[in-house]
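# Coordinate analysis (summary)
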Amino acid sequence: MCSDTFGVGVRVTEAELRFLVRVPTDIDSGWTDPEAFQSLVAEVVWERLDRRSVLETIANEYDTGDTVTLGTVTLDPDGSVVDHDLTVPGRFDDEEA
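All residue numbers refer to position in the chain's written sequence, counted from 1. This being a predicted model, a pLDDT of at least 70 is required before a residue's local features are given, and a value of 80 or more before pairs of side-chain atoms are given or counted; all residues contribute to the totals for chains, interfaces and linings. The basis for every side-chain value is the complete set of non-hydrogen atoms in the structure, without hydrogens or water.

### Considerations on the sheet that holds strand β1 (residues 4-12)
Pairing between two strands requires that DSSP report at least two bridges joining them. Numbering of helices and strands starts at the N terminus; helices are DSSP runs of H or I of at least 4 residues and strands are runs of E of at least 2. Taking strand neighbours across the sheet as the criterion, the 4 strands line up as β2-β1-β3-β4 in an open arrangement whose pairing is antiparallel. Strands at the two margins of the open sheet, each flanked by one partner only, are β2 (17-22) and β4 (81-86). On average, adjacent strands in this sheet sit at an angle of 20 degrees to one another, irrespective of strand direction. Pairing analysis gives 8 bridges linking β1 to strand β3 (residues 67-75), with the strands arranged antiparallel. Bridge pairing links Arg 11 to Thr 67 in β3. Strand contacts of helix α1 (residues 34-48): β1, β2, β3 and β4, with the helix running at about 105 degrees to β3, the strand carrying the most contacts. With axes taken as lines fitted to C-alpha atoms, and helix axes fitted only over the stretch in contact, angles between N-to-C directions fall between 0 and 180 degrees. The contact criterion used is simple: two residues touch if any of their non-hydrogen atoms lie within 4.5 Å.

Quick look at the structure:
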């Protein structure tokens, strides 16, 4: 069994905020149900970040068409969380960056 790292983010559309899971091309064959692992990734993210404040920040700070990266989650196919690197999004002015 091999751990896989999934990138996570939120895409801003005109109608909604869409939670995105970037799946590695060399994903372990132990992941047999895409909906199950995508749901698991979302669960891990929202257990570690405050969903309401993250989505409010994205809705208020980002424009339609933007994709906001939240970080990564590394999981084993049995659902164990191996690691995560998640951050609350924030917009930086060019002068501050």
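Read on for the rest.
### What about α1?
Over its 15 residues, α1 extends 22 Å from the first C-alpha to the last, a length consistent with the 21 Å expected when each residue adds 1.5 Å. Taken together, the buried positions of α1 are occupied by Phe 37, Leu 40, Val 41, Ala 42, Val 44, Val 45 and Trp 46. You can read the cap of α1 off the contacts: a side-chain oxygen lies 3.1 Å from the backbone nitrogen of Glu 35, and it is on Asp 33. A helix is expected to span 1.5 Å for every residue after the first. Exposed residues in this analysis have more than 50% of their type's maximum accessible area, buried residues have under 20%, and partly exposed residues fall in between, with area computed by a 1.4 Å probe over protein chains only. Counted as a polar contact is a pair of N or O atoms within 3.5 Å, where, for protein atoms, one must be capable of donating a hydrogen and the other of accepting one, and residues adjacent in sequence contribute only when both atoms are in side chains.

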